[in-house]
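Coordinate analysis (summary)
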Amino acid sequence: MLFSELFDTGITFETFVQEDGDISGEKLVEMYEAIVLEEERTKEIRGITRPVNILAFAEIWCPDCIINLPALQKIKDLNKKVNFKIVARDGNESYMQAYELGGKAKIPTFIVFDENFKEELGHFIEIPKTLRNTIMASTQAERIVIKRKYNKGEYIRDTIQELLEIINGKGR
């Protein structure tokens, strides 16, 4: 199956949330509602001119998915040229092999394609690169504080910025 075919089997953010019926779905909605963007970032999102398709590998129980999927939905809500679908990681690991970190398929993994799935524009894996770099350069005590902030959504703007860079061709 091609990525475009896998995309067609995916579900929307709304369906993903509704299928949970538990606290994870509620947390996704809470995280989404807490996203407040600066006017400049909102304009940048609305200024996306080319249609893109984003295939998101995710699981409802995953804390990183609860944090980062709402960022992707916020972008989609502000610009209808951004289309994304969610598929489960479990059962689709073969599609994720090229995106593994440390030999493992991490979630969420977002693969950004052009309108016709002819070109991959880039990908996002698990957490924003800025956060990964900050964690790697930190002491153990600093990592604990950073991860607490991340879990509260304080790095969600970094996720949005990284996705915008990929969509706009600056993330390569």
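Scroll up for the structure.
Let us look at the structure shown here. (Residues numbered from 1 in each chain as written. Predicted model: local features only at pLDDT ≥ 70, side-chain atom pairs only at ≥ 80, totals over all residues. Heavy atoms only, no water.)

As enumerated under the stated definition, the model contains 6 salt bridges in all. In this structure, the salt-bridge partner of Asp90 is Arg89, at a minimum N-O distance of 3.4 Å. For Asp90, a relative accessible area of 45% puts it in the partly exposed group. The salt bridge involving Glu126 is made with Arg132; its shortest N-O contact spans 3.8 Å. A relative accessible area of 23% means that Arg132 is categorised as partly exposed. (Salt bridge = Lys/Arg side-chain N within 4 Å of Asp/Glu carboxyl O. Buried < 20%, exposed > 50% of the residue type's maximum accessible area, 1.4 Å probe, protein only.)

We now examine the packing of helix α4 (residues 39-46) against helix α8 (residues 156-167). Where α4 meets α8, the closest approach of the two axes is 11 Å, and the angle between their N-to-C directions is 35°. Two packed elements cross with a definite hand, and for α4 against α8 that hand is left-handed. Residues Arg41, Glu44 and Ile45 of α4 lie in contact with α8, whose contacting residues are Ile160, Gln161 and Leu164. For the contact of α4 with α8, the class distribution of residues is 3 nonpolar, 1 polar and 2 charged. (Axes fitted to C-alpha atoms, helices over the stretch in contact; angles between N-to-C directions. Helix = DSSP H or I, 4+ residues; strand = E, 2+ residues; numbered from the N terminus. Left-handed = near helix turned anticlockwise from the far one by under 90°. Contact = heavy atoms within 4.5 Å. Nonpolar A, V, L, I, M, F, W, Y, C, P; charged D, E, K, R; others polar.)

Together, Asp22, Glu26, Glu30 and Glu33 make up a region of like negative charge exposed at the surface. Within the fold, Glu30 resides in helix α3 (residues 23-33). (Patch = residues over 30% accessible without salt bridge, like charges linked within 9 Å, V, L, I, M, F, W, Y side chains within 5 Å. Areas by Shrake-Rupley, 256 points an atom, 1.4 Å probe, with all protein chains shown as cover. Lys, Arg positive; Asp, Glu negative; His and termini not counted. Charge placed at Lys NZ, Arg CZ, Asp CG, Glu CD.)

Following the sequence through the fold, Thr159 ends up in helix α8. On the basis of relative accessibility, which here comes to 0%, the residue Thr159 falls in the buried class. Discounting chain neighbours no more than four positions away, the residues touching Thr159 are Asn68, Ala71, Phe124 and Pro128.

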